[in-house]
Amino acid sequence: MPELPEVETIARKLAPVLTGQTIARVDVLWARTVDRPTPDAFCAALSGARVLTIDRRGKYIQMALSTGQTLLVHLRMSGKFAVYSDGPGEDTHARLRMQLADGTWVVYIDPRKFGRFYLVDDPHEITGALGPEPLSVDFTPEWLAAKVAQRRGEIKPLLLDQRFIAGLGNIYVSEALWQAGIHPQRSAGTLTTPEAQRLHTAIVAVLRAGLENGGTSLDGHYTYPSGGTGQHQDYLRVYDRAGEQCPRCGYTLERIVQGQRSTYFCPVCQIQPTP
DNA sequence: ACCACAACCTGGCCGC
DNA sequence: TGCGGCCAGGTTGTGG
């Protein structure tokens, strides 16, 4: 589901709805949606709290509250928000809903029930182990080159590791490796300095493009709180395109499985050097 | 460090 | 139509 561009887009769309608003009531419709504290304590602590700010860290949406606590939301595979001005809606897959003091309903919808809400005193408790933000100044070509050099595993699963870099997911990793011309099964430690440089450029470029296009909406899974969709699915080069032609060289794109996840790539543009 | 695999869940699609 | 199998943008835990 959502990766960095989608989560960032959702946070931006929710900001004008939530910022400065007081939460009047909270209903938890699927108990496990609330990771901590208990659902009852969660509702009690949120009721009457005002939302000061809303932003993103990795794939977490985070809201600073007037109580001093922070509310974090991870959408996992199928979570999304809907905003209604005239009632709580009637979504089959609604898992949690909040009514704001002005009457607005913010409904969390999640068919697969994987998403989680965390209400904590210190957001670091949840986000402390995340790697750097790939669109921040902390993420430099030099940093990436030095870090991949220390790793033995395949580059693709490494890029999915949120402790390594925060926010990348299955779509944007496939896209970035294709753009950089690096085979997904390359051992991370064998990347040359120019390759690490190209990978850095590609990661930043695909994330920025995804963001500019409002994120990627496949099968209507990811939608904005207003119901609209992103447009970046129209710009994907390799993701979910096995059997189609590589947009760069025309060779047939392939799908392989790494770490139980699909990887899409071009076997000509992304050559695996013989070990 | 690294790997493999199961688990958490529901729904859509495809082939028979 | 029905049913089984596979797939899905993510993460965590367990056991090597």
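Everything discussed here concerns the structure shown above.
Residues numbered from 1 in each chain as written. Chains lettered and ligands numbered in written order. Predicted model: local features only at pLDDT ≥ 70, side-chain atom pairs only at ≥ 80, totals over all residues. Heavy atoms only, no water.

Brief notes about the nonpolar core
The biggest cluster of nonpolar side chains holds 35 residues, and the ones touching the most others in it are Ile155, Leu159, Leu199 and Ile203. Where this core is concerned, the elements lending two or more residues are helix H4 (141-149), helix H5 (155-160), helix H6 (170-180) and helix H7 (193-212). Not counting residues within four places of it along the chain, the set of residues in contact with Leu199 comprises Leu144, Ile155, Leu159, Ala176, Leu177, Ala180, Ile182 and Leu191. By size, the runner-up hydrophobic cluster in this structure holds 30 residues, among which are Leu14, Val34, Leu65 and Met98. (Core = buried A, V, L, I, M, F, W, Y, C linked by side-chain atoms within 4.5 Å. Buried < 20%, exposed > 50% of the residue type's maximum accessible area, 1.4 Å probe, protein only. Helix = DSSP H or I, 4+ residues; strand = E, 2+ residues; numbered from the N terminus. Contact = heavy atoms within 4.5 Å.)

Overview of the packing of H6 against H7
The interhelical angle for the contact between H6 and H7, taken along N-to-C directions, is 130°, at an axis separation of 8 Å. Relative to H7, H6 is oriented oblique. Crossing of H6 over H7 shows right-handed handedness. Of the residues in H7, those in contact with Tyr172, Glu175, Ala176, Leu177, Gln179 and Ala180 of H6 are Arg198, Leu199, Ala202, Ile203, Ala205, Val206, Leu207 and Gly210. Considered class by class, the residues forming the contact of H6 with H7 number 10 nonpolar, two polar and two charged. (Axes fitted to C-alpha atoms, helices over the stretch in contact; angles between N-to-C directions. Parallel < 35°, antiparallel > 145°, perpendicular 65-115°, else oblique. Left-handed = near helix turned anticlockwise from the far one by under 90°. Nonpolar A, V, L, I, M, F, W, Y, C, P; charged D, E, K, R; others polar.)

Side note on the environment of Pro39
Along the chain, Pro39 falls in helix H2 (residues 39-46). Each C-alpha atom, one on Pro39 and one on Phe117, is 9.9 Å from the other, the two residues being 78 residues apart in sequence. The contacts of Pro39, once residues within four sequence positions are left out, are Val28, Ala31 and Val34.

Focus: the packing of helix H1 (residues 4-18) against H7
For the pair H1 and H7, interaxial distance at closest approach is 8 Å and the crossing angle is 35°. Where H1 crosses over H7, the handedness of that crossing is right-handed. Here Leu4, Pro5, Glu8, Thr9 and Arg12 of H1 come into contact with H7, specifically with Leu207, Gly210 and Leu211. When its residues are assigned to classes, the contact of H1 with H7 shows four nonpolar, two polar and two charged.

Here's the deal with the pattern of salt bridges
In this structure the tally under the stated criterion is 11 salt bridges. With a closest N to O distance of 2.6 Å, Glu8 and Arg56 form a salt bridge. You can see Glu8 sitting in helix H1 and its partner Arg56 sitting in strand S3 (residues 51-57), a full 48 residues away along the chain. Looking at Glu8, the relative accessible area reads 17%, which means it is buried. Asp27 is paired through a salt bridge with Arg97; the nearest N and O atoms lie 3.1 Å apart. Placement of the pair is Asp27 in strand S1 (residues 23-28) and Arg97 in strand S7 (residues 94-100), with a sequence separation of 70 residues. (Salt bridge = Lys/Arg side-chain N within 4 Å of Asp/Glu carboxyl O.)

Some thoughts on H1
Counted at 1.5 Å a residue, the expected span for H1 with its 15 residues is 21 Å, and the 20 Å between its end C-alpha atoms agrees. Of the residues trailing H1, Gly20 is marked for its positive phi of about 85°. (Expected span 1.5 Å × (residues − 1).)

Quick look at unusual backbone geometry
A cis geometry characterises the amide bond from Arg36 onward to Pro37, with omega recorded as -10°. Tracing the backbone through its elements, the reader meets Pro37 in the loop between strand S2 (34-36) and H2. Phi is positive for Lys113, close to 65°, though the residue is something other than glycine. You will see that Asp240, though not glycine, has its phi angle at about 65°, which is positive. Along the chain, Asp240 falls in the loop between H7 and strand S10 (254-258).

Regarding the side chain of His200
On the secondary structure map, His200 appears in helix H7. Dropping the residues within four chain positions of it, His200 is found in contact with Phe139, Thr140, Pro141 and Leu144.

Things to note about the protein's contact with DNA strand C
Among the 23 residues in the neighbourhood of DNA strand C, the closest are listed as Met1, Thr216, Leu218, Arg261 and Ser262. In DNA strand C, atoms within 4 Å of the protein come from the sugar-phosphate backbone in 56% of cases. Arg112 places a side-chain nitrogen or oxygen 3.1 Å from a base nitrogen of DNA strand C. Take Asn170: an N or O atom from its main chain is 3.2 Å from a phosphate oxygen of DNA strand C. Broken down by secondary-structure element, the contributors of at least two residues to the surface near DNA strand C are H6 and strand S11 (261-265). (Near = heavy atom within 4 Å. Polar contact = N/O pair within 3.5 Å; in protein donor to acceptor, adjacent residues only side chain to side chain.)

Concerning the sheet that holds strand S9 (residues 116-120)
In spatial order, the strands read S2-S9-S5-S4-S3; together these five strands make up an open sheet with mixed pairing. Of all the strands in the sheet, the pair left with one neighbour each is S2 and S3. Ignoring strand direction, the axes of neighbouring strands in this sheet form an average angle of 20°. The pairing of strand S5 (residues 70-74) with S9 spans five bridges and is classified as antiparallel. Among the inter-strand pairings, Leu72 is bridged to a residue of S9, identified as Tyr118. This element, H1, spans S3 and strand S4 (60-65) of the sheet and lies at about 170° to S3. Sitting on the sheet, H2 is in contact with S2, S4, S5 and S9, with an inclination near 60° to S9. (Pairing = 2+ DSSP bridges.)

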